[in-house]
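In case you want the letters, here they are:
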Amino acid sequence: MAKSEGKTTTRKSTAAGRAQTPAIVTHTTVIVTGPQTASITITAAGTEDAQMVVAFGHLMMTFRSAEAVSGVIAGFATIRSSLVGADGHAPYPRQPGADFGAPAISIVWLRSPEHTVVPSSRYISDQRRTVHWVDLHMGPVTWRITDRSGYDTLMDEFRRVHRSAVGIFLDGGRFRRDPSKVLDAFDCA
């Protein structure tokens, strides 16, 4: 085998050459069904570097301010009335291979996200009924809430997260009001 004496250069596109990660996820859907429980991990409470990690199963959300916590919770609070007709507890089919691995999602919330609520329904002929759910579009994440049980327990956990956030983040004093309570015109009178 002959050895080449010339230099071999490889060309990289400008974007590929500068990329620090091999791929970027631009959108994902998280399905909320059945009872939800959260674990909360807090680091550097009361400092500028305070951070709260909230884990719901295979979903991990990192918050860096009380504003971000309040904004996420407020987004979920706006869907309450849109859950009319949703099941009390919707069956969620077990995915093949769930014993060996499951998808994991990590979200870092730096500030309060904008959100849009989209109630949906579809008639399922096999079950001879209409199934209702709500999609909450929040930046790169769509939260699909399929039942009241999932929503109610998620909100209970978010209230606990909010109480913690008020105490650990420097901006906690400005976000003391419970964001899970949606105010209307009569509340301001």
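Each residue is numbered by its place in its chain's sequence as written, counting from 1. Per-residue local features of the predicted model are confined to residues with pLDDT of at least 70, and side-chain atom pairs are confined, for both listing and counting, to 80 or more; whole-chain, interface and lining totals are unaffected and use all residues. Hydrogens and water molecules were not included; the side-chain quantities draw on all heavy atoms of the structure.

Looking at the packing of helix 2 (residues 66-77) against helix 3 (residues 148-168)
Turning to step 1, where the next piece is worked out: Here, axes are lines fitted to C-alpha atoms. For helices the fit covers the stretch in contact, and angles between N-to-C directions go from 0 to 180 degrees. Secondary structure is summarised from DSSP: a helix means a run of H or I of at least four residues, a strand means a run of E of at least two, and numbering begins at the N terminus for each. For the pair helix 2 and helix 3, the least separation of the axes is 10 Å and the interaxial angle reads 160°. By the criterion of interaxial angle, the relationship of helix 2 to helix 3 is roughly antiparallel. As for how helix 2 packs across helix 3, the hand of that crossing is left-handed. For the pair helix 2 and helix 3, contact is made by Ala66, Val69, Val72, Ile73, Phe76 and Ala77 and by Tyr151, Leu154, Met155, Phe158, Val161, His162 and Ala165, respectively. When describing relative orientation, an angle under 35 degrees is termed roughly parallel and one over 145 degrees roughly antiparallel, while 65 to 115 degrees is termed roughly perpendicular and anything else oblique. Two helices that cross are described as forming a left-handed crossing if the nearer one is turned anticlockwise from the farther one by less than a right angle, and a right-handed crossing if clockwise. Here, two residues are considered to be in contact whenever any of their heavy atoms come within 4.5 Å of each other.

Section: the sheet that holds strand 1 (residues 28-32)
Turning to step 1, where the next piece is worked out: Strands are labelled as partners when DSSP assigns at least two bridges between them. One open sheet holds the four strands; their spatial order is 1-8-7-6, and the pairing between them is mixed. In this open sheet, the two edge strands, each paired with only one partner strand, are strand 1 and strand 6 (116-124). For this sheet the average axis-to-axis angle between neighbouring strands, irrespective of direction, equals 25°.
Turning to step 2, where the next piece is worked out: With nine bridges connecting them, strand 6 and strand 7 (residues 129-138) associate as antiparallel partners. For Arg122, the partnering residue across the bridge sits in strand 7 and is Val131.

Side note on the pattern of salt bridges
Turning to step 1, where the next piece is worked out: Salt bridges, as used here, are contacts in which a Lys or Arg side-chain nitrogen is within 4 Å of a carboxyl oxygen on Asp or Glu. Counted according to the given criterion, the structure contains four salt bridges.
Turning to step 2, where the next piece is worked out: The shortest N-O distance in the salt bridge between Asp156 and Arg159 comes to 3.0 Å. With Asp156 and Arg159 both in helix 3 and three residues apart, this pair spans about one turn of that helix.
Turning to step 3, where the next piece is worked out: Arg160 serves as the salt-bridge partner of Glu157, at 2.6 Å between the closest nitrogen and oxygen. Here the residue Glu157 and the residue Arg160 both occupy positions in helix 3, the gap between them amounting to three residues, near one helical turn.
Turning to step 4, where the next piece is worked out: Judged by its relative accessible area of 32%, Arg160 is partly exposed. Burial classification: accessible surface area is computed with a 1.4 Å probe over protein chains only, and a residue below 20% of its type maximum counts as buried, one above 50% as exposed, and the rest as partly exposed.

Considering the environment of Ile79
Turning to step 1, where the next piece is worked out: Inspection of the secondary structure puts Ile79 in the loop between helix 2 and strand 5 (105-109).
Turning to step 2, where the next piece is worked out: Between the C-alpha atom of Ile79 and that of Pro119, which follows or precedes it by 40 residues, the distance is 8.4 Å.
Turning to step 3, where the next piece is worked out: Among residues more than four places away in sequence, those in contact with Ile79 are Val117, Val134, Leu136, Ile145 and Tyr151.

Examining helix 2
Turning to step 1, where the next piece is worked out: Multiply 1.5 Å by the residue count of a helix minus one, and that product is the helix's expected span. Helix length check: helix 2, at 12 residues, gives a terminal C-alpha distance of 16 Å against a target of 16 Å (1.5 Å per residue), a fit within 8%.
Turning to step 2, where the next piece is worked out: Among the 12 residues of helix 2, 10 are classified as buried, and the element is accordingly described as predominantly covered.
Turning to step 3, where the next piece is worked out: Of all the positions in helix 2, only Ala66, Ala68, Val69, Ser70, Gly71, Val72, Ile73, Gly75, Phe76 and Ala77 are classed as buried.

Here we look at the confidence of the model for the chain
Turning to step 1, where the next piece is worked out: Every residue carries a pLDDT, the predictor's confidence in it, which falls somewhere between 0 and 100. Of all residues in the chain, 78% have pLDDT values of 70 or greater, and the mean over the chain is 83.
Turning to step 2, where the next piece is worked out: At the low end of the mean pLDDT range in the chain sits helix 4 (residues 185-188), at 50; at the high end sits strand 2 (residues 39-43), at 96.

A word on the pairing of strand 8 (residues 141-145)
For a regular strand, side-chain orientation follows a simple rule: the groups alternate between the two sheet faces.
Turning to step 1, where the next piece is worked out: Counting buried positions over the five residues of strand 8 gives four, a clear majority of the element.
Turning to step 2, where the next piece is worked out: Strand direction decides the pairing type here: strand 1 and strand 8, joined by five bridges, are parallel. Across the sheet, the residue bridging to Val30 is Trp143, located in strand 8.
Turning to step 3, where the next piece is worked out: Taken together, the five bridges between strand 7 and strand 8 define a ladder with antiparallel strand orientation. Considered in strand 8, the bridge of Met138 is made with Val141.
Turning to step 4, where the next piece is worked out: Connecting strand 7 to the next strand, strand 8, in antiparallel fashion are two residues, including Gly139 with a positive phi near 65°.

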